[in-house]
Amino acid sequence: MTKLYDNVDHLDTNASAAYTVETDVLVVGAGNAGMEAAAAAKEAGANTILIEKEKTINLMLVGLASVGSRAQKAAGV
């Protein structure tokens, strides 16, 4: 499993940008799609940064983001 981030509790979420960072891939938003994009980029060997405006990452873990999930089948999707 790819480790996407270290403990980031020490970061000041109200800080303004004070320096420039070089990266191959910048993913904006740590929702389901952003997490998948960041994981795919990192696994492909890209220097990857994932940013999120919220203090926590809340992923949809009920299967709704899956293709052909039970929830979709029950809803007729």
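Residues numbered from 1 in each chain as written. Predicted model: local features only at pLDDT ≥ 70, side-chain atom pairs only at ≥ 80, totals over all residues. Heavy atoms only, no water.

## Points about the overall build of the protein chain
Across its full length, the protein chain carries two helices and two strands. Moving toward the C terminus, one meets the helices and strands of the protein chain in the order β-α-β-α. Nonlocal contacts in the protein chain, meaning residues at least 24 apart in sequence, comprise 43% of its contacts between residues at least 6 apart. Taken as a whole, the protein chain presents about 6500 Å² of accessible surface, with 53% of it coming from carbon and sulfur. (Helix = DSSP H or I, 4+ residues; strand = E, 2+ residues; numbered from the N terminus. Contact = heavy atoms within 4.5 Å. Areas by Shrake-Rupley, 256 points an atom, 1.4 Å probe, with all protein chains shown as cover.)

## Quick notes on the confidence of the model for the protein chain
Confidence in the prediction for the protein chain averages 76 pLDDT; 66% of positions are at 70 or higher. Within the protein chain, the element-level pLDDT minimum falls on helix 2 (residues 70-75), averaging 82, and the maximum on strand 1 (residues 25-28), averaging 95. (pLDDT = per-residue confidence, 0-100.)

## A closer look at the pairing of strand 1
Strand direction decides the pairing type here: strand 1 and strand 2 (residues 48-51), joined by four bridges, are parallel. Each residue of the ladder has a partner; that of Val28, found in strand 2, is Ile51. (Pairing = 2+ DSSP bridges.)

## A few points about the environment of Ile57
Here Ile57 lies in the loop between strand 2 and helix 2. Taking the C-alpha atoms as reference points, Ile57 and Gly29, 28 residues apart in sequence, are found 9.2 Å from one another.

## Comments concerning helix 1 (residues 32-43)
Relative to the 16 Å expected for twelve residues at 1.5 Å per residue, helix 1 spans 16 Å between its end C-alpha atoms, a close match to the ideal helical length. Each element contacted by the buried residues of helix 1 is listed here: strand 1 and strand 2. (Expected span 1.5 Å × (residues − 1).)

## Concerning the side chain of Thr48
Among the secondary structure elements, Thr48 is positioned in strand 2. One polar contact links the side chain of Thr48 to the main-chain amide nitrogen of Lys42, over a distance of 3.5 Å. Within the structure, Thr48 has its side chain in polar contact with the backbone oxygen of Ala46 (distance 3.0 Å). Apart from the residues lying within four places of it in its own chain, the contact partners of Thr48 are Thr23, Val25, Val27, Ala38, Ala41 and Lys42. (Polar contact = N/O pair within 3.5 Å; in protein donor to acceptor, adjacent residues only side chain to side chain.)

## Considering the environment of Ile49
When you line up the elements, Ile49 lands in strand 2. Given a relative accessible area of 26%, Ile49 falls into the partly exposed group. If near-sequence neighbours (up to four positions away) are discounted, Ile49 is found in contact with Val21, Thr23, Val25, Leu26 and Val27. (Buried < 20%, exposed > 50% of the residue type's maximum accessible area, 1.4 Å probe, protein only.)

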